[in-house]
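# Architecture at a glance
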Amino acid sequence: MDMRSAKKEIHHRVFVNRSLTLENIKCYGFDMDYTLAVYKSPEYESLGFELLRDRLVSIGYPHELLGYTYDPTFPTRGLVYDTTYGNLLKIDSNGNILVCTHGFEYLRGEQVDEYYPNKFIQRDDTDRFYVLNTLFNLSETYLYACLMDFFAKSTRYKNCMKGFKHGDLFMSHRSMFQDVRDAMDHLHDTGILKERTLKNLDKYVIKDPRLPVLLSRIKEVAKVFLATNSDFNYTEGIMKYLLDFPAGSKNPKKPWRSYFDLVVVDTRKPMFFAGGTVLRQVDTVTGKLRIGTYTGDLQHGTVYSGGSSDMVCDLLDVKGKDILYVGDHIFGDILKSKKRQGWKTFLVVPELVKELHVWTDKTSMFEELRHLDIFLAELYHKSDELSSPESYSSAIQNGSTAERHLDSGSQESPDISAIQRRIKMVTYGMDLCYGKMGSLLRCGSTKTLFASQLLRYADIYSTTCLNLLNYPFSYLFRAPHVLLPHEAAVESQTKEQITELPERILKSSNIQRQCECDDADANCGQDENCARNNPGSSTET
Ligand code: IMP
Ligand code: MG
């Protein structure tokens, strides 16, 4: 397979954190925005940014802000905004700071220490730290950086730790955050953004003829529902556009609602996965809600508003464990449906396209980082002749490092400063390949908070839900076998011992080297050491 077709193949795949048998799925649920309705990037984020910026100016922010335009290379999803100091932070799952910026300025180690002496934040403090989790938040993320940049550079304002001073006026970072958040809610709740989107659907929304194919195929084998936080009018406009193809095309023309057994709008996720709200019926002609809570059976073609995930299970007569819910919001769609209801989860991560491109194109950088990490570890228990990064790869490769068996009585400690500098350089270089704030999923060899949540809460994930088309509905998504550190240590020790044995002894004693495939238990037969390729060998004595 050449490089180009290998890349194409990987973009069509669904990745697996926990094994999942599609055959057992009796019901598929879909989120709408950024899941079924994929917005064009950066056009949609630019629109969001401009509306947000203009709103701030209209409530009194300086006109100079109008000079800023959206730069898609700056923001990365999943950053945390510190409302006290106005910094954007990239953190790991424990709250350790990986990257810190103030405006567009990257803060160095000592500068970060001034704000965060432990290079750590208490991320449970959700009143102070706001996680910019969704793709809608990208424009907002960029605006925070613009605001810091503008006020910090403006000669009219005096820089203070917690804000900016102008005469007797103090603009705290906290108050600016509140203004941006309110402006963001205003944009969404008043329908300004939705109106502009509906007016120019071709510009902002990706229409893909494979979507009706996917939904039709699913409906033949399982129940299908839509659960979106959007209102009925917007949902109708978007879904009509996405699913109404002209007659005579590959798919017969049918109304968008007939692709679903149940449509729920105004779901107010994540609340939807807990207590939820009142379930009402929507008058699909006027878009108005019927008063009172709906208590009857499921009516086909009816659209509901509000409710909860329990009500969805009741109306569709399915159990939570039999539902696969597909969404883009790591918290509102995935974490909550998994933690609260035990649903199976599929996270849509559009950024994976870029992440996979960089991963494939920059393999050498990741390799160097891996070698540096190994070298660092080796330094602590091997010869001190390896004190420079230049010597590490040859030393590791030719195995010239002699064991020293340092223990708690040892006085010396290796000089690792050169290696650390190199690791920082490679990490920074890698980050820039993704964008100015780096990857969504990693910073060097450390996983971001987003990556940890993805691993923990998404059973499967992919760049788009359309990739489900590439698998039969009886498919077993099998998770890779992951060893715990102590198990991996035993395994590598065993491997080392076995590979150290001369080939002659291996042959004569019939010791089976472990299959190198990632499916060792199943004996895949693809590896020369696999039992399948050595029939009978494991039983010979
Ligand atoms: P879903 O992804 O289909 O559940 O819909 C997301 C909905 O949330 C859309 O209607 C957005 O307009 C809305 N939304 C996204 N971000 C915000 C926000 O920051 N404030 C208020 N509404 C938002
Ligand atoms: Mg969504």
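Residues numbered from 1 in each chain as written. Chains lettered and ligands numbered in written order. Predicted model: local features only at pLDDT ≥ 70, side-chain atom pairs only at ≥ 80, totals over all residues. Heavy atoms only, no water.

Another point: the site of ligand 1. In the vicinity of ligand 1, 14 residues are found, and the nearest of them are Asp185, His188, Lys194, Thr228 and Ser230. Take Met32: an N or O atom from its main chain is 3.3 Å from an oxygen atom of ligand 1. In this structure, an oxygen atom belonging to ligand 1 sits 2.8 Å away from a side-chain N or O atom of Asp33. Coverage of ligand 1 by the protein amounts to 83% of the 500 Å² it exposes when considered alone. Looking at the shell around ligand 1, its residues break down into three nonpolar, four polar and seven charged. (Near = heavy atom within 4 Å. Polar contact = N/O pair within 3.5 Å; in protein donor to acceptor, adjacent residues only side chain to side chain. Areas by Shrake-Rupley, 256 points an atom, 1.4 Å probe, with all protein chains shown as cover. Nonpolar A, V, L, I, M, F, W, Y, C, P; charged D, E, K, R; others polar.)

Attention now moves to the layout of surface pockets. Size it by volume and the largest pocket reaches roughly 1,400 Å³. If you go around the largest pocket, you meet 45 residues; those closest to its centre are Thr134, Asn229, Lys269, Pro270 and His329. Class assignment of the residues belonging to the lining of the largest pocket gives a composition of 15 nonpolar, 14 polar and 16 charged. (1 Å grid on protein atoms, 1.4 Å probe; cavity = no way out; pocket = protein on both sides within 12 Å on 5 of 7 lines; lining within 4 Å. Points joined across faces, edges and corners; volume = space filled by probe spheres on them.)

Within the secondary structure layout, Asp431 lies in helix H15 (residues 417-434). The side chain of Asp431 sits in the buried core without any salt bridge; Lys90 is the nearest counter-charge, 4.6 Å away. (Helix = DSSP H or I, 4+ residues; strand = E, 2+ residues; numbered from the N terminus. Buried < 20%, exposed > 50% of the residue type's maximum accessible area, 1.4 Å probe, protein only. Lys, Arg positive; Asp, Glu negative; His and termini not counted. Salt bridge = Lys/Arg side-chain N within 4 Å of Asp/Glu carboxyl O.)

What links the strands of a sheet is backbone hydrogen bonding, and the strands pair in either a parallel or an antiparallel sense. The mixed open sheet is built from nine strands, whose spatial order is S1-S20-S17-S16-S3-S12-S13-S15-S14. Two strands bound the open sheet, and with one partner strand each, they are strand S1 (15-16) and strand S14 (279-282). Bridge analysis of strand S3 (residues 27-30) against strand S12 (residues 223-227) gives four bridges, and the strand direction is parallel. Across the sheet, Tyr28 pairs through a bridge with Val224, a residue of S12. (Pairing = 2+ DSSP bridges.)

This part covers the nonpolar core. By size, the foremost hydrophobic cluster in this structure holds 87 residues, and its most contacted members are Phe30, Leu242 and Phe260. At ten residues, the largest contribution of residues to this core is made by helix H4 (residues 137-153). Not counting residues up to four positions away in its chain, the partners in contact with Phe260 are Leu36, Leu215, Lys219, Val224, Phe225, Leu226, Met239 and Leu243. Of all hydrophobic cores here, the second largest spans 18 residues; its members include Cys27, Phe225, Leu262 and Val264. (Core = buried A, V, L, I, M, F, W, Y, C linked by side-chain atoms within 4.5 Å. Contact = heavy atoms within 4.5 Å.)

Coordination sphere of the magnesium ion (ligand 2), protein contribution only: Asp31 (OD), Asp33 (O) and Asp328 (OD), at 2.0 to 2.3 Å. Look at where the donors of the magnesium ion (ligand 2) fall in the sequence and you get D-x1-D-x294-D. Of this pair, Asp31 sits in the loop between S3 and helix H2 (43-58) while Asp328 sits in the loop between strand S16 (323-327) and helix H11 (330-341), placing them 297 residues apart in sequence. Given the relative accessible area of 4%, Asp328 is considered buried. (Donors = N, O, S within 2.8 Å, 3.2 Å for Na, K, Ca; no water.)

This part is about the pairing of S12. S12 sits mainly inside the fold: four of its five residues count as buried. Pairing of S12 with strand S13 (residues 262-265), which is carried by three bridges, proceeds in the parallel orientation. Bridging from a neighbouring strand, Ala227 pairs with Val264 of S13.

Attention shifts here to the pattern of salt bridges. For the coordinates displayed, the defined rule picks out 21 salt bridges. A salt bridge links Arg181 to Asp185; the nearest nitrogen and oxygen atoms lie 3.3 Å apart. Within this pair, Arg181 and its partner Asp185 are both found in helix H5 (residues 173-189), separated by four residues, close to a single helical turn. A salt bridge links Arg422 to Glu368, with the nearest nitrogen and oxygen atoms 2.7 Å apart.

To continue, consider H2. Under the 1.5 Å per step criterion, the end-to-end length of H2 is 22 Å for 16 residues, consistent within 8% with the ideal 22 Å. Tyr44, Glu45, Ser46, Leu47, Gly48, Phe49, Leu51, Leu52, Arg53, Leu56 and Val57 are the residues of H2 that are buried. Against the buried residues of H2 lie H4, H5, helix H6 (192-199), helix H7 (201-204) and helix H9 (232-243). Residue Gly60 follows H2 closely and has a positive phi angle near 120°. (Expected span 1.5 Å × (residues − 1).)

In this section: the pairing of strand S6 (residues 97-102). Most of S6 is tucked away: five of the six residues are buried. Bridge count between strand S5 (residues 87-91) and S6: five bridges; the pairing is antiparallel. From the neighbouring strand, Asn87 faces S6, where its bridge partner is His102. Counted along the chain from S5 to the antiparallel partner S6, the turn is five residues long, and its residue Gly95 has a positive phi close to 95°. Here S6 runs beside strand S7 (residues 105-106); their pairing, made up of two bridges, is antiparallel.

This brings us to empty space enclosed by the protein. For the structure shown, the criterion picks out five cavities of 30 Å³ or more. Of the voids in this model, the largest cavity is the one considered here, and its volume is about 70 Å³. Around the largest cavity sit Tyr34, Tyr44, Glu45, Gly48, Leu135, Phe136, Ser139, Met184, Leu187, His188 and Leu193, which together line it. When the residues that make up the lining of the largest cavity are grouped by side-chain class, the tally is seven nonpolar, three polar and one charged.

This part covers the environment of Phe346. The topology assignment puts Phe346 in strand S17 (residues 344-348). Classification of Phe346 as buried rests on a relative accessible area of 0%. The contacts of Phe346, once residues within four sequence positions are left out, are Val14, Leu324, Tyr325, Val326, Gly327, Ile334, Ile460, Tyr461, Ser462, Thr464, Cys465 and Leu468.

Attention now goes to unusual backbone geometry. The omega angle of the peptide bond from Ser41 to Pro42 is 10°, so this bond is cis rather than trans. Tracing the backbone shows Pro42 in the loop between S3 and H2. One non-glycine residue, Lys119, adopts positive backbone phi at about 50°. Among the structural elements, Lys119 can be located in the loop between helix H3 (109-115) and strand S8 (129-131). Judged by relative accessible area, which is 32%, Lys119 ranks as partly exposed. In this structure, Asp317 is a non-glycine residue whose phi angle is positive, near 55°. Tracing the sequence through the fold places Asp317 in the loop between helix H10 (309-316) and S16. For Asp317, a relative accessible area of 64% gives the class exposed.

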